[in-house]
Amino acid sequence: MTDSSVARFYDELAADYHRVYGDWDAALVRQGRALDAVLRSALGPGPAEVLDCACGIGTQALGLALCGHRVTGTDLSPAAVERAGREALRRGLELPARVTDMRELPFEDGTFDAVVCADNSLPHLLTAADVRAALGEMRRVLRPGGLLLLSTRPYDELRRTRPPSTAPQVHGSGPGRTVTFQLWDWHPDGERYDLEHYQLTGEAEQWRVAVRRATYWALTRGELTAFAAEAGFTGADWLAPGQSGFFQPLLTARVPG
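Residues numbered from 1 in each chain as written. Predicted model: local features only at pLDDT ≥ 70, side-chain atom pairs only at ≥ 80, totals over all residues. Heavy atoms only, no water.

A look at the sheet that holds strand β6 (residues 169-171)
Here we have four strands laid out as an open sheet, ordered β6-β7-β8-β9, and antiparallel in their pairing. The open sheet has two edge strands with one neighbour each: β6 and β9 (206-217). Put simply, the sheet's adjacent strands are angled 20 degrees from each other on average, direction ignored. Of the strands in this sheet, β8 (192-203) and β9 are in contact with helix α1 (residues 3-13), which crosses β9 at around 150 degrees. (Pairing = 2+ DSSP bridges. Helix = DSSP H or I, 4+ residues; strand = E, 2+ residues; numbered from the N terminus. Axes fitted to C-alpha atoms, helices over the stretch in contact; angles between N-to-C directions. Contact = heavy atoms within 4.5 Å.)

Below you can see the structure in the form of C-alpha cells.
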C-alpha cells in the first residue's frame, strides 16, 4: 500500500471518523486519561512535551491536551490534520498539527519528552525498512530519558486465529445512526491482511454505504519489541488494557539517559 493510498483512506474517513465510536468525546477523554497516567508514572508530574506522530483527527492528542500536556500532532492525512485543528479550536485547546510522514519527522533531535503512536498506526508500514525508519525517527526526536508509547491491535492472538471480520459498532440511534465494521482478507504469509472498512449510515428509508480499503502488517509484541530495541530504545514493556486502561496493548520504551 502506497503513502498516497494510506493518506486517501484517512482523508475519506476524516469527516466520519468519530462515528467509529459510540461516543467519541467520551472516548478521547478516557484514552487521554489512560495515556496521561502512563506518562506521569514514567516521566513525573509534568506536563510533558508530547508528539502524537499519527494524530488523525486528534483522539489521543486532544485527550492528552485536556490533561495539560503540550501536544504537537502530525499525520499523513491532510483532511485528518485539518479536522484535528478544528476540534482543538472548538475545545479551546492548543494543538499545532501538520501533515508529515512519521518516517521523516520535521523536528530537531531531542525535541520531545514523549512520542505517541497509537491506535494501530504503525502497522500501516508494510516492510521492515519502513518500520525501522519510523522508530528511528521517533527515537531521534525524543530527549534522553524520553518515552515511547505505541499501541496496536492484539496481533499475537489475531495471527493465530486470523479472524475474517470485526464486530459491528453502532454510533447514534434512529435515523442517521451509523454501523461500522471491517472485513479482513489475510495474505498467504499469515502476517499481513487487506482490510475493507464499512460504514453504513441510515438515511430515510435506505442506508448509505461507504467502503475504504487499507493493508496492515500484523506485528507481534516480540517483533515490535525487537524493532524498538534495534532503533535504540531500552526497557521495553507491554501493558495490557487491564493494566493501562487504554483500549489496546501498549508498548512503552525509553531512550537511554
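Some points on the sheet that holds strand β10 (residues 234-239)
Here we have seven strands laid out as an open sheet, ordered β3-β2-β1-β4-β5-β11-β10, and mixed in their pairing. The two strands at the open ends of the sheet, each matched to only one other strand, are β3 (97-99) and β10. Across this sheet, the average inter-strand angle for adjacent strands is 15 degrees, counted without regard to direction. Pairing of strand β4 (residues 112-117) with strand β5 (residues 142-151), which is carried by five bridges, proceeds in the parallel orientation. Bridge pairing in β5 places Phe112 opposite Leu142.

Comments concerning the state of the cysteines
In total, this model carries zero disulfides according to the counting rule given. The cysteine Cys55 is free of any disulfide, with Cys53 supplying the nearest cysteine sulfur at 9.2 Å. Of the residues examined, Cys55 reaches a relative accessible area of 3% and is grouped as buried. Left unpaired, Cys117 is separated from the closest cysteine sulfur, that of Cys53, by 4.0 Å. (Disulfide = S-S within 2.5 Å. Buried < 20%, exposed > 50% of the residue type's maximum accessible area, 1.4 Å probe, protein only.)

Description of the pairing of strand β7 (residues 178-186)
Summarising the sheet, β6 and β7 pair through three bridges and their orientation is antiparallel. Paired with Gln169 across the two strands is Thr180, which belongs to β7. When β7 meets β8, the two strands line up antiparallel, connected through nine bridges. Bridge pairing links Val179 to Leu200 in β8. A loop of five residues connects β7 with β8, the two strands running antiparallel in sequence, and Gly190 in this loop sits at a positive phi of about 75 degrees.

Overview of the pattern of salt bridges
Throughout the structure, instances matching the rule amount to 22 salt bridges. One salt bridge connects Arg103 with Asp101, and the closest N-O pair in it is separated by 2.6 Å. Assigned by exposure class, Arg103 and Asp101 land together as buried. Across the salt bridge formed by Arg208 and Glu203, the nearest N and O atoms sit 2.7 Å from each other. If you follow the salt bridges from partner to partner, you end up with Asp25, Arg83, Glu87, Arg90 and Arg91 in one network. (Salt bridge = Lys/Arg side-chain N within 4 Å of Asp/Glu carboxyl O.)

Topic: unusual backbone geometry
Here the bond from Gly46 into Pro47 is cis, since omega is 5 degrees, no more than 30 degrees from zero. In this fold, Pro47 is placed in the loop between α2 (24-43) and β1 (49-52). In this structure, Asn120 is a non-glycine residue whose phi angle is positive, near 65 degrees. Counting through the fold element by element, Asn120 comes out in the loop between β4 and α5 (128-141).

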